[in-house]
Amino acid sequence: MKKTLLLLITLFTLSHLKAQETWTIYNTSNSNLTFNEISDIEFDNQGNIWIASWFNNGGAGIAKFDNSNWTIYNTSNSNIIDDKVIDIAIDNLNNKWIGTWQNGLNKFDDTNWTNFTTSNSGLPNDKIKCIATDSNNNIWIGTSSGLTMFDGTNWITYDTSNSNIPTNSIVSIAIDNNNNVWLSTEFELVEFTGNNWNVYTDNSELDGNGNTIGNWFGGANSLKIDNNDKKWMSSGYGIKSFDGTSWEYYNYLGTNSSCLIDCQAISLDIDTNNKIWIGFQQECNNGGLLNFDECNSYLSTNSDLPENSILSINIDDNGTKWIGTFNGLAKLEIPLSVTENSIDSKILFYPNPVKNNLFVEIENQLIDSNFTILDINGKKLNNSALKVQRFINTGD
C-alpha cells in the first residue's frame, strides 16, 4: 500500500524584539583593532570581515576579522599603497580591491599586493571615491575624472568627453541583477547598460540654484538596490528612492521627512528582509542608525551604539548589522522572535526531498492566503499567495 506523509503545519509570525538585541563593540581599547574610524566594511566569501580606515585625511590601513582574530595591514607591515582607505570591494574570486584617498588602487589576493596608479595603469585619477565589482569580476571605479572599468587586463574610462555620462564626479556605484551599473552623482542617478547611458533626474524638487537634488553628503556606499530593484540613495538633506518610474524624496528639513533622524545620510544598506538601514553623521541633530521601514532609531543614548556619527554600514547574509563609527566597529544582532499560531489544516508536500518543483495539496480554507519561505536564519527566500492549480475531491 502506498503511503503518503501528512504534515500538520504550524504557522509562525516572525518579528523583531528590541529587547533581545545584542550589541558587540570592537575598538582600540578592547580588541586588536588598531583604529576607530571605520570608513568601510565588506565581507569575503569565507565569512571574513574587512574593515577600512579613513577620515579627514587620516587613516591606519585595513583590518581582517574572522570573528575571533584580527589581522592588520598597513604601510609599515605590508605592501598596501596607502593607509588612507576609502572603499573596499571584493570580487567573486575573493580578491580585495582597495581604493585609497590619494594613491590609487590596490589588489590583494591574500598573498600578493598589486598597486595601480595613474603612472602604471589606466586609472585617470589616484583619488578613488568608490569601487564596485560585477558578476563578471569587472572592477568599476569612481573618481572625480569619470567612471573606470578594469577587466583584469584592459582599462576603459568613461567621461564627459568620450561618452554620454552626465558628469565626471561619481559618488557611489551599485550593480543590479542584470549587471547594469548604477551611479549616484551630485545631481543625477545614472544607469549604464554597457551600451547605453540612461540619466534619471527628479525635477519635482530643486535646490536654491534650480538644480536637481542629488547625492550631496553620501559616502562610497550611499547607493543601494533593494530586492524589488528599487534604488535608494543619499540625496540632499535626506534620502531618495526610484522604482524606474517614480521618485520619492524624504527630506529631513522638509515636510516629507518621514522618520529621518538627521540631515546627512552617509551610508545605506538593505537587510535580508528588504528593509532599509541608514547611517547618519551627526550634523543637524543627533545622527545615529535608523531602520527606515520600522522607524526604529539607535543612538548612543538609547542603545549600545558607541558613537552617533556613522561612516559605514553593511549587513551580512545572516542579517547581522556591522556599523562603522568614529569610535569603533559595532555589531548588532537582532534575533527573530516567534509568535506561534496553530491551525488544524492538513497540508501534503511532494516529492520529498524536492529538487525543482514542490507540489502542495491543502484544504480549501488556506486558498489565497499568503506565505513566506524563510531559511533557518530568517532570511526571506520567497513570498507569494497560495493559488489553486486544480481541485481534488477528497470524498469528505
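Residues numbered from 1 in each chain as written. Predicted model: local features only at pLDDT ≥ 70, side-chain atom pairs only at ≥ 80, totals over all residues. Heavy atoms only, no water.

One pass over the full model with this rule turns up 29 aromatic pairs. Ring centres of Phe192 and Trp197 lie 4.1 Å apart, and the angle between their planes is 20°; on these two criteria the pair is classed as stacked. For the pair Phe192 and Trp197, one class covers both residues: buried. Three or more aromatic residues joined by ring pairs form one cluster here, namely Tyr26, Phe65, Trp70 and Trp322. Sitting above the plane of the Trp182 ring, Lys231 keeps its charged end 4.1 Å from the centroid. One cation-aromatic arrangement involves Lys240 over Trp247; the distance from NZ or CZ to the ring centre is 5.4 Å. (Phe/Tyr/Trp six-rings, centres within 6.5 Å; stacked < 30°, edge-to-face > 60°. Buried < 20%, exposed > 50% of the residue type's maximum accessible area, 1.4 Å probe, protein only. Lys NZ or Arg CZ within 6 Å of the ring centre and 35° of its normal.)

Here we have four strands laid out as an open sheet, ordered S15-S16-S17-S18, and antiparallel in their pairing. Since the sheet does not close on itself, it has two edges, and those belong to strand S15 (172–175) and strand S18 (197–200), each with one partner. Pairs of neighbouring strands in the sheet enclose a mean axial angle of 20°, with direction left out of account. With four bridges connecting them, strand S16 (residues 181–184) and strand S17 (residues 189–192) associate as antiparallel partners. Across the sheet, Ser184 pairs through a bridge with Leu189, a residue of S17. (Pairing = 2+ DSSP bridges. Helix = DSSP H or I, 4+ residues; strand = E, 2+ residues; numbered from the N terminus. Axes fitted to C-alpha atoms, helices over the stretch in contact; angles between N-to-C directions.)

With antiparallel pairing, the four strands of this open sheet are ordered in space as S3-S4-S5-S6. For this open sheet the edge positions go to strand S3 (38–43) and strand S6 (70–73), each flanked by a neighbour on one side alone. Direction aside, neighbouring strands of the sheet carry axes that sit 20° apart on average. Note: S3 against strand S4 (residues 49–53), five bridges, orientation antiparallel. In the sheet register, Ile41 faces S4, and the bridge partner there is Ile51.

Attention now goes to the nonpolar core. Core analysis: the largest hydrophobic core is formed by 15 residues, its most contacted members being Trp140, Leu147, Ile173, Val181, Leu183 and Trp197. Of all the secondary structure elements, the ones that give two or more residues to this core are strand S11 (130–133), strand S13 (146–150), S16 and S17. Among residues more than four places away in sequence, those in contact with Leu183 are Leu147, Ile165, Ile170, Ser172, Ile173, Glu188, Leu189, Val190, Trp197 and Leu223. Counting 14 residues, the second-largest nonpolar core is a separate cluster that includes Trp232, Tyr250, Ile261 and Ile270. (Core = buried A, V, L, I, M, F, W, Y, C linked by side-chain atoms within 4.5 Å. Contact = heavy atoms within 4.5 Å.)

Take it as geometry only, folks, not as evidence of what the structure does.
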